[in-house]
Amino acid sequence: MALAVLIILGATGFSMFWGGRLAFQTFGLHFIVSADWDAVAHQFGALIPIYGTLVTAAISLIIGVPASFGIAFTLTETAPRWLRQPLSVAVELLASIPSIIYGMWGLFVFAPFMASVVEPWLNDHLANTPILSTLFTGPPIGIGMLTAGIILGIMIIPFISSVMWTVFNAVPPQLKESAIALGATRSEVMMKVTLPYTRNAVVGAIFLGLGRALGETMAVTFVLGNAHEFAKSLLMPGNSIAAVIANEFTEADSPIYTSSLIALGFLLFVVTFIVLAIARLFLYRLGRIEGARA
Amino acid sequence: MNLLILRRKLFDVVMIALSLGATAFTLFWLAWILWTTITQGASALRLTIFTQMTPPPGSDGGLLNAFFGSFMMVLLGVVVATPIGVLAAIYLAEYKRGTRVAAVIGFVNDILLSAPSIVIGLFIYELLVLPFGHFSGYAGGVALAMIMLPIVVRSSAVALELVPPETREAALALGLPRWKVTLSVIARAARPGIITGLLLGVARISGETAPLLFTALNNQYWNANLGAPMANIPVVIFQYAMSPYDNWHALAWAGAFIVMLFVLMLGIVTRVVFRQGARA
């Protein structure tokens, strides 16, 4: 029975590859670097979805990682003891909300908010700044890569922060106490004792969040806009691998179309597999060190 | 010297403030999302949601067929994932603990735990939809089982490993065969943990949408046949929310509200069970 777990993973990878073979055969390596996505002409390239996936995941990390670190710091060092349990439950609540609800909320509430408040502000204030103006100005439609990235960022916070505060709490108190006895402030204890001690697990946690962000489907499908044109501005609609599959799979009307979508799935599978494997390796290394000590 | 102390104090204060800010930032989103879902969902709730079928655009209706479909597929998922998951956990924790095999399978299981659910959907499509030529409730249920399986394996294995070795040794010392020790002593002691895992798994799969999109698809009508495409809450929410019709939006919010309520209640139940387990 346990082997079933292994078989499932192997079979998943193989079946994706098998389903996508037509696309890989037809387009070759061109599939990954081509930005064409034309269902009528049967030309498919994965560049736009890949780009969208990477950009939204990057935005989500920029938001999610500092926020998670802040929460973990608050929960382990500064929050009063009676508040820690309710706070951690509240943050974990974020993880239990189904992603479709994030998507609906994003579409009906957050995207209009972005369109009416945030994006006009960005347009007004960043129009003359060299690099930022390309990234953060554009038509304020609310639906786009920035919105999707922010929602992803919120979604991955509970995954990253719960690992962080678990390992921060597992740091031997003697280490922290020695630093405090030397006169270190709480922030210095965190930056110079706790963080170096738990570095591997923290990196693992970030990769875990990245894996989540790359593969998240429903939340981004709602707010990305399913656009197959390349856009420099983050306010423009884009696409991600998972969102293309969710949007178009049931509409795919030719074998090469279906196969291209499955090939995209295969790419996503391989990438998330690598990211998650790295995450686990970092986390396991910590576990092994602790095990050896105990 | 004083300047240095000042700088260090300042750094400390700034960092504590920023961290508090990050926590408030996160709680703010949580409150916003919950608030939207509760207000929108509660205002869309009608009794007819539980008594009528999903409507065509513009007319009234409910979500009855979708609730039923979701229930059937989650049930199928649980029925498939539970025995495989628990047996796999017993194998890992009882018979192969500390070996390389257990490490590799545990590692793979952890990857599956956070693998993108849409990829699982594609896999089941290749496995159960393409060969049979049509979408079906079975495919949806199996896809959900695949999502649930790693959760069950992980939490059951942890629960089994937490059983004190003395319990196992005492039972073995009485001359019980290994299988009996595992089934009636270890598994019983680990039961709260295993049940926690099952509940967590159910909570996770009852909101899953991506793997159902192209396995169970959707169905406008009442359907109790698992062999045919089946309506289910998440996909109905997805389609209705993406549509331009106001009454469909209202139904989508009502569905989202009920799913969220269900998931949160499962979370509370899980905590209660877990607490009892910890005390016992």
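Computed from a predicted model, the values in this text were never measured in an experiment.

(A) Region of the structure containing the overall build of chain B. What chain B contains, in helices and strands, is 11 helices and zero strands. In chain B, the succession of helices and strands from N to C terminus is α-α-α-α-α-α-α-α-α-α-α. For 280 residues, the compact-globule estimate of 2.2 N^0.38 gives 19 Å, and chain B exceeds it by more than 25% at 24 Å. Here chain B, with 280 residues, has 52% of them falling under the buried criterion. Intrachain contacts of chain B at a sequence separation of at least 6 include 73% that bridge at least 24 residues. Surface summary for chain B: the accessible area is close to 12900 Å², and the carbon and sulfur share equals 71%. Distance between charge centres in chain B, computed from 17 positive and 10 negative side chains, equals 10 Å.

(B) Spotlight on the interface of chain A and chain B. Chain A puts 78 residues into the contact, and the matching count from chain B is 69 residues. Between chain A and chain B the total buried area reaches about 6400 Å² when both faces are included, carbon and sulfur atoms providing 81% of it. Across the contact surface, chain A and chain B share two salt bridges. Notably, a salt bridge pairs R8(B) with E188(A), separated by 2.6 Å at the nearest N-O pair. One can count five residue pairs in polar contact (both at pLDDT 80 or more) joining chain A with chain B.

(C) Spatial organisation of the packing of aromatic side chains. The final tally for this structure, using the stated rule, is 23 aromatic pairs over all chains. Centroid distance W29(B) to W32(B): 5.8 Å. Interplanar angle 20 degrees. Geometry classified as stacked. Within this pair, W29(B) and its partner W32(B) are both found in helix α1 (residues 2–44), separated by three residues, close to a single helical turn. We classify W29(B) as buried; its relative accessible area is 7%. Taken together, a centroid distance of 4.0 Å and an interplanar angle of 10 degrees make the contact between Y240(B) and W248(B) stacked. For the pair shown, Y240(B) and W248(B) are each scored as buried. Put simply, the rings of W105(A), F110(A), F113(A), F25(B), F28(B), W29(B) and W32(B) pair up and form one aromatic cluster.

(D) Spotlight on the nonpolar core. By size, the foremost hydrophobic cluster in this structure holds 184 residues, and its most contacted members are F31(A), Y102(A), W105(A), L264(A) and I118(B). Looking at which element gives the most residues to this core, the answer is helix α7 (residues 145–169) of chain A, with 16 residues. Setting aside anything within four residues of it in sequence, one finds F31(A) in contact with A23(A), F24(A), F44(A), G45(A), A46(A), L47(A), S260(A), A263(A), L264(A) and L267(A).

(E) Structural view of the environment of L251(B). All names here are of chain B. By the secondary structure assignment, L251 is in helix α11 (residues 246–279). Sequence separation between L251 and G137 is 114 residues, and the spatial gap between their C-alpha atoms is 22 Å. Those residues within four positions of L251 in sequence are excluded, and the remaining contacts are I49, P55, G61, G62, L63 and Y240.

(F) Fine view of the packing of helix α4 (residues 81–96) of chain A against α7(A). Residues and elements named next belong to chain A. Packing of α4 against α7 leaves a shortest axis separation of 7 Å and a crossing angle of 135 degrees. Accordingly, the angle class assigned to the pair α4 and α7 is oblique. Between α4 and α7 lies a crossing whose hand is left-handed. Contacts between α4 and α7 involve S88, V91, E92, L94 and A95 from the former and I154, P158, F159, S161, S162 and W165 from the latter. Looking at the contact of α4 with α7 residue by residue, the class counts come to seven nonpolar, three polar and one charged.

(G) Representation of the side chain of S117(B) in the model. Relative to the helices and strands, S117(B) is located in helix α4 (residues 117–129). Discounting residues that sit within four places of it in the chain, S117(B) has contacts with I147(B), E208(B), A210(B) and P211(B).

(H) Molecular detail of the side chain of E248(A). Residue and element names in this part refer to chain A. Residue placement: E248 occurs in helix α12 (residues 241–248). For E248, a relative accessible area of 6% translates into the label buried. What E248 contacts, discounting residues up to four positions off in sequence, is W37, N226, H228, Y257 and L261.

Reading guide: rules and limits
- Residues numbered from 1 in each chain as written.
- Chains lettered and ligands numbered in written order.
- Predicted model: local features only at pLDDT ≥ 70, side-chain atom pairs only at ≥ 80, totals over all residues.
- Heavy atoms only, no water.
- Helix = DSSP H or I, 4+ residues; strand = E, 2+ residues; numbered from the N terminus.
- Rg over C-alpha atoms; globule rule 2.2 N^0.38 Å.
- Buried < 20%, exposed > 50% of the residue type's maximum accessible area, 1.4 Å probe, protein only.
- Contact = heavy atoms within 4.5 Å.
- Areas by Shrake-Rupley, 256 points an atom, 1.4 Å probe, with all protein chains shown as cover.
- Lys, Arg positive; Asp, Glu negative; His and termini not counted.
- Charge placed at Lys NZ, Arg CZ, Asp CG, Glu CD.
- Buried area = accessible area lost by both parts, 1.4 Å probe.
- Salt bridge = Lys/Arg side-chain N within 4 Å of Asp/Glu carboxyl O.
- Polar contact = N/O pair within 3.5 Å; in protein donor to acceptor, adjacent residues only side chain to side chain.
- Phe/Tyr/Trp six-rings, centres within 6.5 Å; stacked < 30°, edge-to-face > 60°.
- Core = buried A, V, L, I, M, F, W, Y, C linked by side-chain atoms within 4.5 Å.
- Axes fitted to C-alpha atoms, helices over the stretch in contact; angles between N-to-C directions.
- Parallel < 35°, antiparallel > 145°, perpendicular 65-115°, else oblique.
- Left-handed = near helix turned anticlockwise from the far one by under 90°.
- Nonpolar A, V, L, I, M, F, W, Y, C, P; charged D, E, K, R; others polar.

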